[in-house]
Amino acid sequence: MSETSDVKIKSLMLMGLAAMFAFVSSCATVSHNTNSSTVLHGDNIESFLDSVVIVQPTPESLCSGVFISENEILTAGHCVSYQDEIIIMGFVLHIPSERSPIGRSISIITHDWYMEDRTLEEVIPTQFEVISYSEDADLALLRCSGENCPTDVSFINVARRTDDGIGRPAYVLGHPAGMLYTLSDGVFSRAPETQDGIDYAFATTDIWFGDSGGPIVDRRGRLVGITSAMVGSSGMPVSHLGLFIYITTIREFLDGRTEFSEPEVVEELILEGDPSED
């Protein structure tokens, strides 16, 4: 599944756990990887940005997430799991605790504060509750039901079908190394694969600590995966290759918990670079 055949997906996913401890408080402007010939345009990209949130289970940690309905956020499971500390050869490592995160309160910061040129320290997060969690699928669903829930939020279209074959454009939005709302583009680099009942996708987008839980979308801006880990072996990531929980597993995980909105006609995000039609 990785560059070396003897590395299992389970070990690859553990690499994403470090995203919980890689928070850097500085902000960065939205950018994109120019390795791909495709570019983004139109109002849809603004809606895409607005749907992505900052996930902070603790003040020192940082992950990404995305609204999939007016009050529900999808993120990576390791972003909300409780962590146990273990010490190996003097190094402190954090692994998922056996304690279930269901019911755990998670701090969420939405995109609108970023547009107001404030710092994270000046923002009062909104509390979302973990209502569904899968360690195996590395997915978590959060819901806000309190009095201070965000209103008029933008939420992403969840794909019902995919057009993400090898070579198709892929876009990832997250907060790598604390560089908030950074956009990376690439292509789907190989066909989706299944291990232990979980479907995974691979793309040549830049992935780093802090991107975990963020969305990967197709050329029409539809959610087709959630960022899980960097692909690599022996603790060394492979440049420009990310591992994502694929939309088929996401659909199974959600299991009808939320209504999905997908317009009959979705304006393409792409100006050029993929002339094919669905």
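In this text the structure is predicted, and so the values were computed from the model without any measurement.

1. Digging into the sheet that holds strand β1 (residues 52–56)
- Reading around the barrel, the six strands line up as β1-β2-β3-β8-β7-β6 and close back on themselves, with antiparallel pairing between neighbours. Between one strand axis and the next, the sheet turns through 40° on average, direction left out of account.
- Here β1 runs beside strand β2 (residues 63–69); their pairing, made up of four bridges, is antiparallel. Bridge assignment links I54 to a residue of β2, and that residue is S64.
- Against the sheet, helix α4 (residues 247–254) makes contact with β2, β3 (72–75), β7 (126–134) and β8 (139–143), and its axis sits at roughly 50° relative to β8, the strand it touches most.

2. Overview of a negative patch on the surface
- Residues D84, E85, E98 and E135 make up a contiguous surface patch of negative charge.
- With respect to the helices, strands and loops of the structure, E135 is situated in the loop between β7 and β8.

3. Observations regarding the pairing of β7
- Note that strand β6 (residues 105–109) and β7 share four bridges and pair antiparallel. Within the sheet, the bridge partner assigned to S107 lies in β7 and is Q127.
- In the sheet, β7 pairs with β8 via five bridges, with the strands oriented antiparallel. When the sheet's bridge partners are listed, V130 is paired in β8 with L142.

4. Some words on the pairing of strand β11 (residues 182–195)
- Of the strand pairs in this sheet, strand β10 (residues 169–174) and β11 are connected by six bridges, and their pairing is antiparallel. Looking across to β11, one finds that G174 is bridged to T182.
- Of the pairings in the sheet, the one linking β11 to strand β12 (residues 198–203) comprises five bridges and is antiparallel in character. Note on β12: the bridge partner recorded for R190 is F202.

Calculation rules
Residues numbered from 1 in each chain as written. Predicted model: local features only at pLDDT ≥ 70, side-chain atom pairs only at ≥ 80, totals over all residues. Heavy atoms only, no water. Pairing = 2+ DSSP bridges. Helix = DSSP H or I, 4+ residues; strand = E, 2+ residues; numbered from the N terminus. Axes fitted to C-alpha atoms, helices over the stretch in contact; angles between N-to-C directions. Contact = heavy atoms within 4.5 Å. Patch = residues over 30% accessible without salt bridge, like charges linked within 9 Å, V, L, I, M, F, W, Y side chains within 5 Å. Areas by Shrake-Rupley, 256 points an atom, 1.4 Å probe, with all protein chains shown as cover. Salt bridge = Lys/Arg side-chain N within 4 Å of Asp/Glu carboxyl O. Lys, Arg positive; Asp, Glu negative; His and termini not counted. Charge placed at Lys NZ, Arg CZ, Asp CG, Glu CD.

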